[in-house]
Amino acid sequence: MSTKQSSSQDKAQANLKQAKAKIIKAKPKRILARTKKSKPQPLKFSKNDLTKDIIRNAKVLGISDKVSARYADNVSDRISQWVRARGIVTTSDINKKVAQELEKYNQDLAFIYKQKGKII
Amino acid sequence: MVRSDLFIILLAGIVHATLQLGVGALLLLYHASLGKHVKRKTRELVSNYILGNAFLTTLAVLATCFLISVIFQGEMNPAMLTIIVGFLVALAISVWVFYYRWGKSTELWLPKSVAKFINNRAKITESKTEAFSLGMLACFAEAPFTFMLIIVVANSIINLPLSLQILSVALYVIISVIPLIIMRIAIRKGGTVVDVQKWRLKNKNFLRIMSGIGFFVLALFLLAFKVIGAA
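Residues numbered from 1 in each chain as written. Chains lettered and ligands numbered in written order. Predicted model: local features only at pLDDT ≥ 70, side-chain atom pairs only at ≥ 80, totals over all residues. Heavy atoms only, no water.

Student: Got a sec to walk through the pattern of salt bridges? Specific residues and values, please.
Tutor: Residue and element names in this part refer to chain A. Summed over the entire model, instances satisfying the criterion amount to 13 salt bridges over all chains. Of the charged contacts, one joins Asp-93 and Arg-86 as a salt bridge, the two residues approaching to 3.9 Å between their closest N and O atoms. Classification of Asp-93 as partly exposed rests on a relative accessible area of 24%. Glu-101 is the salt-bridge partner of Lys-104, the closest N and O atoms lying 2.8 Å from each other. The class for Lys-104 is exposed, based on a relative accessible area of 53%. For Glu-101, a relative accessible area of 6% gives the class buried. (Salt bridge = Lys/Arg side-chain N within 4 Å of Asp/Glu carboxyl O. Buried < 20%, exposed > 50% of the residue type's maximum accessible area, 1.4 Å probe, protein only.)

In structure tokens:
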């Protein structure tokens, strides 16, 4: 029993020594060092997500499900063709284009997309 | 002097009410919630948002009253009030110049990261507690502009007789959340978030000018009645 206890104590001491050595080796971080800002990650355009978003925004305005689904299908078709042609677009480009397309159907819904990210 | 203190509290409340961050964050909450939840749940979330906003404002006013009475043993001295007058004039100019970002939108002076954070919090608000804390967050984020107003109000409240102190705290808080209550009523009566945002866009310059004038008039009033008048 005493040999088992002494071996476990030895192990604990060895771990403590290793931990102390790690602390001494680790360089102190500069407190005022600038943190690296994460770059915006590219996202893959999703027609389904856009359709759901348009339907959700139409629901906010009280537009019926059938009508909003029709708007969403037509607009998301056109937007996905446009995105395929452009290759790379920003989110604000997509919002502007969606607003442009939605103006043919509903001015208020188009307004929501024009004002995205511009409320506060 | 009671009349001048009450006028200061009233005016400070009106100036606080013209600030737009609380209204904007409430609009974001409405927009996010109406698309996801039933109307009853949206109403509950909005009520809790308004309560959160009022709660933090009340807490800030009471805490400032306590601090002023402990540090200054009563009302602030004229030298300190002169500094506050200077700050109010600076805030008036700040509101005129950079409260709103340039462009055809109601984007405010907030850093983009803070605006995104509030936006994301509003989108994922599901419970009453989250709505309450969003209200507190919006109130806290407006602190650079409301901090001086709260100090001025607290300084005036200390001067009032005890019977009027609690009423004046309530008066200030109610006036400051009136725009949120009006927005709630407007949407309840059939208005949409688009109508509210169009109104904000249309009256952006008017609100900016009135807010700046409010800060300026409050500064002049303090100077006339509390600094020069007390000397």
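Student: So what about helix 5 (residues 107-114) of chain A? Which residues, and what values?
Tutor: For helix 5 of chain A, the complete set of buried residues consists of Leu-109, Ala-110, Phe-111, Ile-112 and Tyr-113 of chain A. Summarising the contacts, the buried residues of helix 5 of chain A are in contact with helix 2 (47-60), helix 3 (65-86) and helix 4 (91-102) of chain A together with helix 2 (21-34) and helix 9 (193-202) of chain B. (Helix = DSSP H or I, 4+ residues; strand = E, 2+ residues; numbered from the N terminus. Contact = heavy atoms within 4.5 Å.)

Student: Let's hear about the packing of aromatic side chains: which residues, and what values?
Tutor: Residues and elements named next belong to chain B. Tallying each qualifying case throughout the model produces eight aromatic pairs over all chains. The interplanar angle of 45° and the centroid separation of 5.7 Å between the aromatic rings of Phe-55 and Phe-132 together place this pair among those described as tilted. Separated by 77 residues along the polypeptide, Phe-55 in helix 3 (residues 39-72) and Phe-132 in helix 6 (residues 128-141) bring together distant segments of the chain. The class for Phe-132 is partly exposed, based on a relative accessible area of 25%. Ring plane angle 55° and centroid distance 5.3 Å describe the contact between Trp-109 and Phe-145, whose orientation is recorded as tilted. (Phe/Tyr/Trp six-rings, centres within 6.5 Å; stacked < 30°, edge-to-face > 60°.)

Student: Lay out the interface of chain B and chain A with the relevant residues and their values.
Tutor: On the chain A side, the residues contacting the 26 residues of chain B number 13 residues. Together chain B and chain A conceal approximately 1,600 Å² of surface at their shared face, both sides included; 68% is due to carbon and sulfur atoms. In terms of surface lost to chain A, no three residues of chain B exceed His-31, Gly-35 and Val-194 of chain B, which account for 29% of the buried area on that side. If you look at where chain B meets chain A, you find one salt bridge. With a shortest N-O distance of 3.3 Å, Lys-198 of chain B and Asp-108 of chain A are connected by a salt bridge. At the surface where chain B touches chain A, the tally comes to seven residue pairs in polar contact (both at pLDDT 80 or more). Listed by contribution, the elements that provide at least two residues to the side of chain B that touches chain A are helix 2, helix 5 (112-123) and helix 9 of chain B. Tallied by class, the residues present in the side of chain B that touches chain A amount to 13 nonpolar, eight polar and five charged. (Buried area = accessible area lost by both parts, 1.4 Å probe. Polar contact = N/O pair within 3.5 Å; in protein donor to acceptor, adjacent residues only side chain to side chain. Nonpolar A, V, L, I, M, F, W, Y, C, P; charged D, E, K, R; others polar.)

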